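One letter stands for each residue in the lines below.
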Amino acid sequence: MEKMKKICLCAAAVAGTAEIAGISAKAVEGMRKKWFLRGFEAGQFIGNLTAAESFAREKTVIQKKYDKLCEEFDELQENYNDLFEDYYEE
């Protein structure tokens, strides 16, 4: 009878330990999911910032090219006007 009590006590201890381990595993899994989602959201935020920076850089480059073209056009327009004036003055 004493042996049977020890076996029951050990079985209860093993079952309790397994249950605690299961609960702990669920808690750890929940934390992993939570931290993964936080990391994923942070990654998306950083990706959006990087995309915005890239867009701003491209816009700046395009703006500089446009400004340069406008300057060249103004210069060409002045040259054309000078040539046109010289032609009709003669």
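Residues numbered from 1 in each chain as written. Predicted model: local features only at pLDDT ≥ 70, side-chain atom pairs only at ≥ 80, totals over all residues. Heavy atoms only, no water.

## Re the overall build of the chain
Next up, step 1: For the chain, the count of helices and strands is 1 helix and 0 strands.
Next up, step 2: Taking all 90 residues of the chain together, the buried fraction comes to 0%.
Next up, step 3: As displayed, the chain offers around 8,700 Å² of accessible surface, 65% of which is attributable to carbon and sulfur atoms. (Helix = DSSP H or I, 4+ residues; strand = E, 2+ residues; numbered from the N terminus. Buried < 20%, exposed > 50% of the residue type's maximum accessible area, 1.4 Å probe, protein only. Areas by Shrake-Rupley, 256 points an atom, 1.4 Å probe, with all protein chains shown as cover.)

## Overview of a negative patch on the surface
Next up, step 1: Among the surface-exposed residues, D67, E71, E72, D74, E75, E78, D82 and E85 lie close enough to one another that they form a single negatively charged patch.
Next up, step 2: Within the secondary structure layout, D82 lies in helix α1 (residues 2-89). (Patch = residues over 30% accessible without salt bridge, like charges linked within 9 Å, V, L, I, M, F, W, Y side chains within 5 Å. Salt bridge = Lys/Arg side-chain N within 4 Å of Asp/Glu carboxyl O. Lys, Arg positive; Asp, Glu negative; His and termini not counted. Charge placed at Lys NZ, Arg CZ, Asp CG, Glu CD.)

## Some remarks on the packing of aromatic side chains
Next up, step 1: Counted under the stated rule, the structure contains 1 aromatic pair.
Next up, step 2: Relative to F40, the ring of F36 has its centre 6.3 Å away and its plane inclined at 20 degrees; by these criteria the two rings are stacked. Taken together, the residues span about one helical turn, with F36 and F40 both in helix α1 at a distance of 4 residues. (Phe/Tyr/Trp six-rings, centres within 6.5 Å; stacked < 30°, edge-to-face > 60°.)

## Overview of the pattern of salt bridges
Next up, step 1: Enumeration over the complete set of coordinates arrives at 1 salt bridge.
Next up, step 2: Measuring nitrogen to oxygen at the nearest pair gives 3.1 Å for the salt bridge that ties R57 to E53. One end of the pair is R57 and the other is E53, both in helix α1 and 4 residues apart, which spans about a single turn.
Next up, step 3: A residue is classified by how much of its surface remains accessible, and R57, at 49% relative accessible area, is partly exposed.

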